[in-house]
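# Breakdown of the fold
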Amino acid sequence: MLCIASVALLWHNILCLKYCRKGIVLAVPELISLEDARELVLAHVEAMDVEEVGILDMIGRVAAEDLKSDIDIAPFAHSAMDGFAVRALQVEGAAPDSPVELDVIAEVPAGAWYGGEIGDGECVRIMTGAPLPEAADAVVKYEIVDVVSGDGREGSRVAFAKPATAGDNIRSAGEEAKAGEVIVHAGEVVHSAGIGFLAGCGVTRCKTHRRPTVAIIATGSELVEPTEVPTQGKIRNSNSYALAACAVDAGAVPTVLPISPDDFEGLRAAVVAATADYDFVVTSGGAANGDYDFIKKVVDDAGELLMSTVNMRPGKAQTFGIVNGTPVFGLPGNPAAAYLGFEMIVRPALRKMQGYSHFERPTVKARLTELQKKKDPRRIFNRATLSKDDAGYLVTPAKNQSSGLFGPIQKANCFVVLPEGEARTYEVGEFVDCVLLDIPEEVLL
Ligand code: AMP
Ligand code: MG
């Protein structure tokens, strides 16, 4: 039964061949799921080679080696408070009506060291970060110590009205790491606090996967650069800049290449040249089956075409293949469709190339504030804004869901996901999944 179904599905996929060039029919499955598309692309990229960078260049990047501390952290037991170092036994039984008085015999500021004895009737004034004298086992903060005579510094006498417990206000040696211990494991994303941790452990340089370089090519005879005022029939190339921004956001290094007109040979030459110079090539436009849509044919002609359409909206036409050993991704021309394709499929690939292991943005469930008519059986991604009330998340889809617009995405903070299936209306108050665009994949909500 299962076997018959699988064969039927495979047959259906192979038969869904929408175009032909020089009489060659391309056997690429049509309308694969977003998950399959992502898996396919991820399967064709590998982690980049490793480079060594200064730790400040590690922010948000993945460690490609285990990093070890060269010393114990903390290197020595020290005081967590400004106060008085004592042995807890000395102030045992201390109470407001029977305080214990001690002489202050020395002072230890941070950076100094007191190696002497502390007699029964004695204590040492100590500052935060200063090494705990070996003869002491607790620090009593000076706010709860009364000065009996003097100014509380060396030569004074002070009174303790409360007992202390050994270990009070002390940070022990090796509390966070031992010398030689791995403090950041290979595969871990290093955040700002991690940079501080590394610095404290003597790690100033670190191996990480190189950032992939990404060529960005807009294709369309109607396109002019943003520096130009478009004449009749022309529009500005906005995609290349959004996609370059998305690439930066994904940790990659983009280069916006010249616009390629709708011409098979021209686009082929531009793509092939880019595959020699960059780690990943992204095009936008010309990915469907129109008379002037050439990216599928270019990838098929110059390399191996592996994907042509994905069951999502906007952005059904998503081309992927390998040319000269380099991944080439042909995004659709409509801005929202190109953006979504990048976010959902290209970004995971660029992240895998940098050693990341999480590829899905976090999702939350939210109540719709407006009804949503789903007219298309594909999985729909509607630009929307998430907010919160006492009962949880609310989501308001943008009024204009045209795939030709960047503006609603700029104003949005999530995509509402309406799953594949029959046309239906999602009512006000109904829960829908929302993909959060600004939250890193590592954050699980
Ligand atoms: P296409 O996928 O080439 O059929 O283009 C679909 C729509 O997206 C058309 O209205 C194009 O003019 C528009 N478009 C294509 N490329 C770009 C681009 N680089 N920037 C902005 N809009 C574009
Ligand atoms: Mg076009």
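This write-up is about the structure you can find in this document. What you see is a predicted model, and the numbers here were worked out from it, not measured in a lab.

### What about the site of ligand 1?
- Around ligand 1, 13 residues are found, and the nearest of them are E222, N237, S238, G286 and G333.
- One of the backbone N or O atoms of N334 is found 3.2 Å from an oxygen atom in ligand 1.
- In isolation ligand 1 offers 480 Å² of accessible surface; the protein chains occlude 75% of this area.

### Some remarks on the pairing of strand β8 (residues 122-126)
- Most of β8 is tucked away, with four of its five residues classed as buried.
- As paired strands, strand β6 (residues 83-86) and β8 are joined by three bridges and run antiparallel to one another. Residue pairing for β8: A85 is matched across the bridge by V124.
- As defined by bridge partners, strand β7 (residues 100-108) adjoins β8 across five bridges and the pair is classed as parallel. When the bridges of β8 are listed, V104 appears paired with C123.

### Focus on the sheet that holds strand β23 (residues 326-331)
- Pairing is mixed across the open sheet formed by six strands, whose spatial order is β18-β15-β19-β23-β22-β20. Bordering the open sheet on either side are β18 (253-256) and β20 (304-309), each of which pairs with just one other strand. Within this sheet the neighbouring strands show an average axis-to-axis angle of 20 degrees, counted without direction.
- Taken together, the five bridges between strand β22 (residues 317-323) and β23 define a ladder with antiparallel strand orientation. When the sheet's bridge partners are listed, G321 is paired in β23 with V328.
- Each of β20, β22 and β23 touches helix α2 (residues 34-43); the most contacted strand, β20, lies at about 160 degrees to it.

Reading guide: rules and limits
By convention here, each chain's residues receive numbers from 1 onward along its written sequence. Chains carry letters and ligands carry numbers; both start at the beginning, A for chains and 1 for ligands, and go up in the order they are written. Totals for whole chains, interfaces and linings use every residue, but because this is a predicted model, local features are given only for residues with pLDDT of at least 70 and side-chain atom pairs only at 80 or more, for both listing and counting. As a rule here, side-chain values cover all heavy atoms of the structure and leave hydrogens and water aside. Here a residue counts as near a molecule or strand whenever at least one of its heavy atoms sits within 4 Å of it. The term polar contact refers here to a pair of N or O atoms within 3.5 Å; inside protein, the definition further demands a hydrogen-donor-capable atom paired with an acceptor-capable atom, and it admits residues adjacent in sequence only when both atoms are side-chain atoms. All accessible-area figures derive from a Shrake-Rupley calculation using a 1.4 Å probe, and residue coverage is judged against the displayed protein chains alone. For every residue, the accessible area (1.4 Å probe, protein chains only) is compared with the maximum for its type, and the residue is labelled buried under 20%, exposed over 50%, or partly exposed between those bounds. Under the DSSP-based scheme used, a helix requires at least four consecutive residues in state H or I and a strand at least two consecutive residues in state E, with every element numbered from the N terminus. Strands were regarded as paired on the criterion that DSSP finds at least two bridges between them. Helix axes are fitted to C-alpha atoms over the stretch in contact, other axes to C-alpha atoms as well, and angles between N-to-C directions run from 0 to 180 degrees. In what follows, residue pairs with any heavy atoms lying within 4.5 Å of each other are defined as contacts.

Note that all results are geometric; they support no functional claim without further evidence.
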